[in-house]
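Chain by chain, the residues:
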Amino acid sequence: MSIQKDYLDQLEAEAIYIMREVAGQFEKPALLFSGGKDSICLVHLALKAFSPGKFPFPLVHIDTGHNFPEALDYRDKVVNKLEEKLIVRKVEDTIYKRKLQDAKGKFPSRNALQTYTLLDTVEEFEFDACIGGARRDEEKARAKERIFSVRDEFGQWDPKKQRPELWNIYNGKINKGENVRVFPISNWTELDIWNYIKRENIELPSIYFTHERECVVTESGQLMAHSQYLQLDADDVIVKKRVRYRTVGDMTCTAAIESEVYTIDDIINDLEEAKISERGATRMDDRISEAAMEDRKKGGYF
């Protein structure tokens, strides 16, 4: 057995164990599913954890309205194939209901507004656990979080009140109104995800591979997908480039990278030479400040 295979087996076994702990400890868990590679792996792991039994979690998508069409098409394809329940709640509806101020500017990201929709969804369905695809190599704030991350009755996260997780013992005990965010792939890296996708032959949205797309060139040289959601000026430069995406967020905050990558092996080779994390390289909303992600998480973000 190769070292890599053994390592992926260990990561898979840990994630499956965590999934089963969620099913055993919580009454109303849900799995957050966006159609991105990390949540795709979570669905695959959940199927492995409970097959041939029934899929134990409803799939939940918090829809900003600024999604890549490829990700939504893939999401719906997976749900139809699994014949599972998909709960979609839209940020647009939350903005109207709560009378919130929609995002402004040239690249109006609704990422911060997702928090309100997520917290409303948790309350609506009384979810006591939400499974997410965060990894500790994504961003500094992610590395502070436990696998079972307790949120208070307001959905807020306090990095100073983290429970110890020794010997793979996960404490899901919560008070009424509280909930837990669970991150089964916390110990995975972006490269681990791609090696696992290759090993398991998992189908992906086409957006992860090289394709031609019209892009807007930002002041810092990033390539943003040209879409109806951007508020462009007359002097903005629009170019047609061959690009791919390392991460699939909103079209308003996720940059593409120029690439000639057509297979998973190509992606793995690229990542082995990469020196910047996927979020650091392509997510504009994480560049607001060094604490941008942590501030959003404290308010209830994923």
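Note: the structure precedes this text.
Read on for a plain summary of the structure. For every chain, the first residue of its written sequence is number 1, and the numbers climb from 1 along that sequence. Totals for whole chains, interfaces and linings use every residue, but because this is a predicted model, local features are given only for residues with pLDDT of at least 70 and side-chain atom pairs only at 80 or more, for both listing and counting. Derived side-chain values reflect all non-hydrogen atoms in the structure, with water molecules and hydrogen atoms excluded from consideration.

Some details on the overall build of the chain
Here comes step 1: Where helices and strands are cited, they refer to DSSP runs of H or I of at least four residues and of E of at least two residues respectively, numbered from the N terminus. Each helix and strand counted, the chain has nine helices and 10 strands in total.
Here comes step 2: Note on exposure labels: buried denotes an accessible area under 20% of the residue type's maximum, exposed denotes more than 50%, and partly exposed covers the range between, all computed with a 1.4 Å probe on protein chains only. In the chain, which comprises 302 residues, the share counted as buried stands at 53%.
Here comes step 3: Long-range contacts, defined as pairs at least 24 residues apart, comprise 74% of the intrachain contacts of the chain with a sequence gap of at least 6. When checking whether two residues touch, look at their non-hydrogen atoms; a contact exists if any pair is within 4.5 Å.

Regarding the nonpolar core
For soluble globular proteins, the rule of thumb is that nonpolar side chains tend to be buried together.
Here comes step 1: In this description, a nonpolar core means a group of buried Ala, Val, Leu, Ile, Met, Phe, Trp, Tyr and Cys residues linked to one another through side-chain atoms lying within 4.5 Å. One finds M19, L31, F57, F148 and W194 to be the most contacted residues of the largest nonpolar core, which totals 58 residues.
Here comes step 2: Ranked by the residues each element gives to this core, the list is headed by helix α2 (residues 37-50), at eight residues.
Here comes step 3: Note that the domain bounds were set by an automatic or database domain assignment. Taken together, domain 1 (7-192 + 291-298) and domain 2 (204-282) each give at least three residues to this core, which thus spans both.
Here comes step 4: For L31, the residues in contact, after removing those within four places along its chain, are M19, L42, V43, A46, F55, F57, P58, L59, V60 and I131.

Considerations on the sheet that holds strand β8 (residues 223-225)
Here comes step 1: Pairing in this closed barrel of four strands is antiparallel, and the strands run β7-β8-β10-β9 around the ring. For this sheet the average axis-to-axis angle between neighbouring strands, irrespective of direction, equals 65 degrees. Criterion used throughout: strands pair if DSSP finds at least two bridges between them. Axis definition: a line fitted to C-alpha atoms, limited for helices to the stretch in contact. Angles are taken between N-to-C directions and run from 0 to 180 degrees.

Brief notes about the pattern of salt bridges
Here comes step 1: Salt bridges are defined by distance alone: a side-chain nitrogen of Lys or Arg within 4 Å of a carboxyl oxygen of Asp or Glu. Here the structure, examined in full by the defined rule, presents 23 salt bridges.
Here comes step 2: The closest approach of N and O atoms between R110 and D102, which form a salt bridge, is 2.7 Å.
Here comes step 3: Overall, the relative accessible area of 25% leaves D102 in the partly exposed class.
Here comes step 4: We note a salt bridge from E260 to R242, for which the minimum N-O separation is 3.2 Å. One end of the pair, E260, is in the loop between β10 (255-258) and α7 (264-273); the other, R242, is in strand β9 (residues 238-244), and 18 residues separate them in sequence.
Here comes step 5: With a relative accessible area of 46%, E260 lands in the partly exposed category.

Shape descriptors only; they carry no functional weight alone.
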